[in-house]
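Below, each chain spelled out in residue letters.
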Amino acid sequence: MVRTFSRQPRWLALVVAMGAAVPNLGMADIYRCERAHQTVFSDSPCGQNALTITVDPAHTGGRLDTGTDVTFWQPPERATRSQQPGCQAGYIQSTELRRLRVKQRVREGMTAKQVRYILGSPDSHDGQWWVYRRKGEETGRYLMRNGCLARWR
């Protein structure tokens, strides 16, 4: 059986014409009435005092901030390394700090707290020098300036 679609344009035109004749159901009128001191909304007139309500269609998509002054939050600028207060070595990860503690090694620019963690508290002070001793003999001197390790011998 072979079908021909020569009648399709007429059928399609008929469907479109019928669709145009039927009122748009999405745009139905809404009525507001007062009944027994209560406000009632309906899709058909609910009395002589019925008021027609006009509702603008909701638009989806687009930007919410269109037409408004919006200030976006910006994180504060980070200080560069030269602007940051503290010692040159700065932050040392805990894993690296533990490794240095095991090896009893220090770095220039470490904080006094980091040096104490690695070497312990000094046995004595000689000006700005921290002096470490073992069995009465000096094992090292560490120069602390402004809370930072400057050098050692």
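See the structure above.
Each chain carries its own residue numbering, running from 1 in the direction its sequence is written. The predicted origin of the model limits local features to residues at a pLDDT of at least 70 and limits the giving and counting of side-chain atom pairs to 80 or more, whereas totals for whole chains, interfaces and linings rest on all residues. Heavy atoms from the whole structure form the basis of all side-chain values; hydrogens and water molecules are not counted.

Draft legend 1. Representation of the pattern of salt bridges in the model. One speaks of a salt bridge when a side-chain nitrogen belonging to Lys or Arg is within 4 Å of a carboxyl oxygen belonging to Asp or Glu. What the rule picks out here adds up to five salt bridges. Notably, a salt bridge pairs Glu-96 with Arg-99, separated by 2.5 Å at the nearest N-O pair. Taken together, the residues span about one helical turn, with Glu-96 and Arg-99 both in helix H2 (residues 94-103) at a distance of three residues. What makes Glu-96 partly exposed here is its relative accessible area of 21%. Taken together, the salt bridges that share partners define one network made up of Glu-96, Arg-99 and Arg-107. Put simply, DSSP H or I for four residues or longer makes a helix, DSSP E for two residues or longer makes a strand, and each gets a number counted from the N terminus. Throughout this description, buried means an accessible area under 20% of the type-specific maximum (1.4 Å probe, protein chains only), exposed means over 50%, and partly exposed covers the range between.

Draft legend 2. Main features of the environment of Glu-138. For Glu-138, the location among the structural elements is in strand S6 (residues 137-145). Sequence-wise, Glu-138 and Asp-123 are 15 residues apart; in three dimensions their C-alpha atoms are separated by 9.4 Å. Nitrogen and oxygen atoms within 3.5 Å of one another constitute a polar contact, given that in protein one can donate a hydrogen and the other can accept it, and given that sequence-neighbouring residues count only through two side-chain atoms. Within the local environment of Glu-138, its side chain forms a polar contact with the side chain of Arg-141, the two groups lying 3.0 Å apart.

Draft legend 3. Quick peek at the state of the cysteines. A pair of cysteine sulfur atoms is labelled a disulfide when the two atoms are within 2.5 Å. Applying the stated rule across the entire model yields two disulfides. Covalent S-S linkage joins Cys-33 and Cys-46, the inter-sulfur distance amounting to 1.6 Å. The S-S bond linking Cys-33 to Cys-46 shows a torsion near 100°; that makes this disulfide right-handed. Here the residue Cys-33 occupies a position in strand S1 (residues 30-35), and Cys-46 occupies one in the loop between strand S2 (38-42) and strand S3 (51-53), the gap between them amounting to 13 residues. Comparing Cys-33 with Cys-46 shows no difference in burial state: the two are buried. Disulfide pairing is shown between Cys-87 and Cys-148; the S-S distance is 1.8 Å. Of note, the bridge from Cys-87 to Cys-148 carries an S-S torsion of about -85° and is left-handed in sense. Here the residue Cys-87 occupies a position in the loop between S3 and H2, and Cys-148 occupies one in strand S7 (residues 148-152), the gap between them amounting to 61 residues. Judged on exposure class, the residue Cys-87 and its partner Cys-148 are both buried. Listing the disulfide partners of the protein by sequence rank of the bonded cysteines yields 1-2, 3-4.

Draft legend 4. Expanded view of unusual backbone geometry. Positive phi outside glycine occurs at His-37, with the angle close to 60°. Topologically, His-37 is positioned in the loop between S1 and S2. Among the residues examined, His-37 registers a relative accessible area of 83% and is labelled exposed. A positive phi angle is found at Asn-146, which is not glycine, with a value near 55°. Checked against the element boundaries, Asn-146 lands in the loop between S6 and S7.

Draft legend 5. Region of the structure containing the pairing of strand S5 (residues 129-134). In this sheet, S5 lies alongside strand S4 (residues 124-126) in antiparallel orientation, the contact comprising three bridges. Its bridge partner lying in S5, Asp-126 is registered against Trp-129. At least two DSSP bridges between two strands are needed for those strands to be called paired. With antiparallel pairing between neighbouring strands as the criterion, S4 and S5 make up a hairpin whose turn holds two residues, including Gly-127 at a positive phi of roughly 70°. With six bridges joining them, S5 and S6 adopt antiparallel strand pairing. Directly across from Trp-130, in S6, lies its bridge partner Tyr-142. Counted between consecutive antiparallel strands, the loop separating S5 from S6 contains two residues, among which Lys-135 sits at a positive phi close to 55°.

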